[in-house]
Amino acid sequence: LPRVSVQLLIDNPMHGEADVVGVSTILSGMMGNGTANIDKDAYNEEIDYLGANINFGNEYASASSLSKYFPRILSLLADGIKNPLFSEEEFTSQKSRLIESLKTSEKSVAEVGRRVNSALTYGKKHPKGEFTTEEILEEIQLASVKNYYDTFFSPSNAYLVVVGDVTFKEVEKLVEKELSDWRRRDVPKVTFNTPRDVQYTQINF
């Protein structure tokens, strides 16, 4: 088929969010909503016009399109990767959404049970055991989101996978053009204590 798919996967070491748990989720929501060069509406309208898809997360990005539009789609994807638009308005919107989602999840017995189970199994200071609260989210600032992006959204541990109706030479040339100036940053490696089983049977409320 005359289509191309591209995935950027950032394979960072396991890390926690400490006193800003939830900041990675806010970043995921902000990524892809325009760039420093193209406003949100123009960015999304062009993607829709080309019949393409572009998605972002806190440690990934992906896109798919007809192969004839691939050069432009890769350019838009690269712009979103390198120059995300971190506006106060979008930050406030994403944080409010996350707070509302948290309030809803707190009414779910299954969700509360999952959260408590992870915290008891790994410890609340372990990446797999930490969880956010409304109080934590209220304290998160836009600067925290920018700092998380600067620290962890780096090509240092990134893989770019391209599949479809393109040649290796074409992809190599386009990637060199669009991503060679993506600034490389060393991602911090953090060690965590290995969780241990409890010494005796416990009942936790």
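Residues numbered from 1 in each chain as written. Predicted model: local features only at pLDDT ≥ 70, side-chain atom pairs only at ≥ 80, totals over all residues. Heavy atoms only, no water.

Tallied over the entire structure, the rule returns seven salt bridges. The closest approach of N and O atoms between D181 and K82, which form a salt bridge, is 2.8 Å. Placement of D181 in the segment after α8 (168-179) and of K82 in helix α3 (residues 70-82) is noted, with a sequence separation of 99 residues between them. Given a relative accessible area of 53%, D181 falls into the exposed group. One salt bridge connects K103 with E100, and the closest N-O pair in it is separated by 3.8 Å. Placement of both K103 and E100 in helix α4 (residues 88-105) is noted, with a separation of three residues, approximately one turn of the helix. With a relative accessible area of 35%, K103 lands in the partly exposed category. Note on E100: relative accessible area 46%, which makes it partly exposed. (Salt bridge = Lys/Arg side-chain N within 4 Å of Asp/Glu carboxyl O. Helix = DSSP H or I, 4+ residues; strand = E, 2+ residues; numbered from the N terminus. Buried < 20%, exposed > 50% of the residue type's maximum accessible area, 1.4 Å probe, protein only.)

The next point concerns the packing of aromatic side chains. The tally for this structure, following the rule as stated, stands at four aromatic pairs. Between F86 and Y149, the aromatic rings sit 5.5 Å apart at their centres with planes inclined by 70°, giving edge-to-face as the arrangement. Pair noted here: F86 is in the loop between α3 and α4 and Y149 is in helix α7 (residues 142-152), with a separation of 63 residues, a long-range link. One exposure class covers both F86 and Y149, and it is buried. Measuring from centroid to centroid gives 5.4 Å for Y149 and F153, while their planes differ by 20°, and the two rings are stacked. Of note, R185 hangs over the ring of Y149, and the distance from its end group to the ring centre comes to 5.7 Å. (Phe/Tyr/Trp six-rings, centres within 6.5 Å; stacked < 30°, edge-to-face > 60°. Lys NZ or Arg CZ within 6 Å of the ring centre and 35° of its normal.)

A word on the side chain of S65. Here S65 is to be found in strand β3 (residues 60-66). By relative accessible area, which is 1% here, S65 ends up buried.

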